[in-house]
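The lines below spell out each chain.
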Amino acid sequence: MATPTGSGGFIGDVLWFSTRQTTPPTLIGLDPATGRAVDQIPLPAGQGAWVSAASGTDVYVGTYTPAKLYRVDTVSGAVDEILTAGDSGAVIYALAVAPDGVVYAGTYESSGGRIFAYDPATGAVTDLGVTVPGQDYVRALVADERHVYAGIGAAASLVRIDRATLEFTDVTPPDLAGATFVSSLALHDGVLLGGVSPRGQLLALDTADPSRYELVQAPAETFVVAVAGGEAGRAYFAARPSGTLYGYDLWSGTAEVLAVPAPEKAANGLTFHDGRVWGLVDGLAYSYDPADGSVTGLPLDAAGVSPNPERPMALAADAEHVYVSGSGGVQIHDIARGTSSRVFVPGEAKSLWPTGDTVYLSVYTRALIYELPRVSGPVRSLADIGHEQTRPRDSFFDEPTGRLYVATEPDYGRYGGALAVYDTGAGELDVYRDIVKAQTISAVTADGDTVYIGSDIKSGLGTPPVATRAEVAAVDAGTGTVRWSVDAPAGATVIGDLQLIGGELVGITSTGLLFGLDQASGDLRWEHGLGANASVLTPSATGVYTTDGKSIFRLTWPEPGVPVVSTVYTGLAGEWAGPPTVAATPDGTALFAVQGRTLVRLDVPGELFAAVSASAASSWVGDPDRSRVWQAFVTVSVLDGHGSPLAGARVSTAWRSDSGRPPGAATTCVTGGDGSCVLRGTVADTAAVTVDVTGVAHPSLPRGEVEVSESVTVAAPERTFR
């Protein structure tokens, strides 16, 4: 748990700010003098609040899902709802209060970003309409006596609105062509200051003559995330990925590195108060003193801010730990001890893959690959996928080759997702973009040198889809060449996951349609409606599990083809920021899911197959009284989940002898119609051998095989003396 922050500002000497990713969203008052939270006021609705803006003793707060504007009286704690700008998925991203107290709210909405005006003097709410047709984001707002300025995305533009006539004027500098966002705005000394993404540039524009402007490059930065005016002729801005705070003298053309108050963290708000620059990052408020360059941090947990559970973004487990990612960190839960700890991550880990002593993290917002040594941390950067990719959608680690495959979505306003192939041994990265034309790569798995990918017809946020149907493709891991490609079954638009199970490529769409494809050709073998909008498949030794966030389903394959689907748990009501997921320990003995926003452990219901049993016999080779050589016979029987003999199962074993010399023996056998098979070994000068049954492979089993732990000891036959 943590406290992801929104933006904020001062009323008197108290810093008021909102919280993101937590329910209920909360307005927090922090007294820097004492380092304590003086108030925490919950809001009635919303999954978080990106922005807040102070006006007198009131603070206006904009939420998302639903997008509502609230007014909070910081004196009495009263909360009033002002307007609703949209329902699920809608966001109030920007707020500005004009000098006369009129409040402007900018939204994200798939039907186009809008601006709403609220006049507290009259109570009137005015919908100013879609700001730029075809653009979904009003990402930043600032207002003076005459105008409102709006930063737009996902194709960056700048709009000036006459507050009296409501006339819209495009004042976008031509040099912003190709950028995605004007993502933060401030007014200072007649200059409009804005952050330009993904270029890491600060825009300075003369409000009296918008044709006069300059772009200031912050070195090695991608996002200017917050801007504030400071002393006369001086401004400040914060940038990512470094987390650096910069100073800028108006019209100087250069930025000055001042400090790195929170390395790699995004400043969600900057404000200048009492001669200091104040910044808000997840879990921390900080101040920078221009007089001496000192930085003071105020950790929010130490200030008494109550952390609320976030909506999880990804979930994974190994034999010892469960990993849950959120905004700016991964919570690591120790299964045996019942304890947990948090490790900082510079972004949001959208996909987690534990393997051995490492967890691989695929991280938004810059499509980065990190590794996390289990529990200890810190994370270590491995690769930057680049290629205009920002949002990982899936990952798969192939143990035999040591390759990590990451499926990604492109940046806002961009088309063409990518498949990233990272060789963990060599530390080398290959990126294949636009394998599926103008679509996101949303699912990935692999076998040897063949990678299987699924797509989502949507590309970067803010772009209309070009395709009408998702695809599944087999790709050469070394070259990115497509070996085969087929349309998704039933006209599906999103492939949620792919897994190789029992020699088939099994997939699931975002609407819960299960399907099986021929691994070699992509030919459709079967399809089956799950009846729920699940989209992630989790193989384990006791079945393949999936969830829609409400219920958990188990898939088993008693025979090739359509799986048997059983509902094993209900009533989860999981609140997810990412796709609902159920995690399982590798042996399948425990499941982990999210109930509300709480991680829960669930007992595995039932067994995948009833039993594996083994019996032994032996006989001498040659004269029983003279021979030093004998034969060992082990009969292995396998039953399926219904208790019936499982024919055609390949049994794997290992032989051990008390003399230390391994016998000459077969190590595998295949069961016949009675579900049994016999292993024979020739033994010399040894009193006994032990046979360990280690695995059973069959198309009906998850990933085609399961581990087994069954042993039988075969003793040498007795001698007969006459």
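Just above sits the structure.
About the thresholds
Residues numbered from 1 in each chain as written. Predicted model: local features only at pLDDT ≥ 70, side-chain atom pairs only at ≥ 80, totals over all residues. Heavy atoms only, no water. Pairing = 2+ DSSP bridges. Helix = DSSP H or I, 4+ residues; strand = E, 2+ residues; numbered from the N terminus. Axes fitted to C-alpha atoms, helices over the stretch in contact; angles between N-to-C directions. Core = buried A, V, L, I, M, F, W, Y, C linked by side-chain atoms within 4.5 Å. Buried < 20%, exposed > 50% of the residue type's maximum accessible area, 1.4 Å probe, protein only. Contact = heavy atoms within 4.5 Å. Disulfide = S-S within 2.5 Å. Polar contact = N/O pair within 3.5 Å; in protein donor to acceptor, adjacent residues only side chain to side chain. Salt bridge = Lys/Arg side-chain N within 4 Å of Asp/Glu carboxyl O.

A. Broad picture of the sheet that holds strand E44 (residues 504-509). With antiparallel pairing, the four strands of this open sheet are ordered in space as E43-E44-E45-E46. The sheet is open, and its two edges are formed by strand E43 (495-501) and strand E46 (524-529), each paired on a single side. On average, each strand axis in the sheet is tilted by 20° relative to the strand beside it, whichever way the strands run. As paired elements, strand E45 (residues 513-518) and E46 share five bridges and run antiparallel to each other.

B. The arrangement of the nonpolar core in detail. One finds Ile-369, Tyr-405, Leu-419, Val-444, Val-451 and Ile-453 to be the most contacted residues of the largest nonpolar core, which totals 30 residues. Of all the elements in the fold, those that place two or more residues in this core are strand E34 (380-384), strand E35 (389-398), strand E36 (403-410), strand E37 (418-423), strand E38 (428-433), strand E39 (440-447), strand E40 (450-456) and strand E41 (471-476). A total of five residues in this core trace back to one element, the largest contributor, which is E37. Other than its neighbours up to four places away in sequence, Val-451 contacts Tyr-405, Leu-419, Val-444, Thr-445, Ala-446, Ala-473, Ala-474, Val-475 and Ala-477. Cys-669, Val-696, Val-706 and Val-714 belong to the second largest nonpolar core, which has 23 residues in total.

C. Looking closely at the sheet that holds E36. Pairing in this open sheet of four strands is antiparallel, and the strands run E35-E36-E37-E38 from one edge to the other. One side of each edge strand has no neighbouring strand; the edge strands of this open sheet are E35 and E38. For this sheet, the mean angle separating the axes of adjacent strands, direction not counted, is 20°. Where E35 meets E36, eight bridges bridge the pair, whose relative direction is antiparallel. Opposite Phe-397, over in E36, you have Leu-404 as the bridge partner.

D. Highlighting the state of the cysteines. Per the stated rule, a full pass over the model turns up one disulfide. Note that Cys-669 is cross-linked by a disulfide to Cys-677, the S-S spacing being 2.0 Å.

E. Summary view of the side chain of Thr-22. For Thr-22, the position within the fold is in the loop between strand E2 (14-19) and strand E3 (26-31). Using a relative accessible area of 2% as the deciding quantity, one classes Thr-22 as buried. At 3.1 Å, the side chain of Thr-22 and the side chain of Thr-19 are in polar contact.

F. Looking closely at the pattern of salt bridges. One pass over the full model with this rule turns up 28 salt bridges. Ionic pairing is found between Arg-366 and Asp-384, a salt bridge with its closest N-O pair at 3.2 Å. With Arg-366 in the loop between strand E32 (358-364) and strand E33 (368-373) and Asp-384 in strand E34, the pair connects residues that are 18 residues apart, well separated along the chain. A relative accessible area of 40% means that Asp-384 is categorised as partly exposed. One salt bridge connects Glu-388 with Arg-414, and the closest N-O pair in it is separated by 2.8 Å. Placement of the pair is Glu-388 in the loop between E34 and E35 and Arg-414 in the loop between E36 and E37, with a sequence separation of 26 residues.

G. Expanded view of the environment of Ala-573. Along the chain, the position of Ala-573 falls in the loop between strand E50 (564-569) and strand E51 (583-584). Remark: the alpha-carbon pair of Ala-573 and Glu-145, spanning 428 residues in sequence, is separated by 47 Å.

H. Structural context of unusual backbone geometry. Note the cis peptide between Gly-153 and Ala-154, where omega equals 20°. Checked against the element boundaries, Ala-154 lands in the loop between strand E14 (147-153) and strand E15 (157-162). Cis geometry is adopted by the peptide bond preceding Pro-198, which originates at Ser-197 and carries an omega value of -5°. Residues other than glycine seldom take positive phi values, yet Ala-220 does so here, at roughly 60°. With respect to the secondary-structure elements, Ala-220 resides in the loop between strand E20 (213-217) and strand E21 (223-229).

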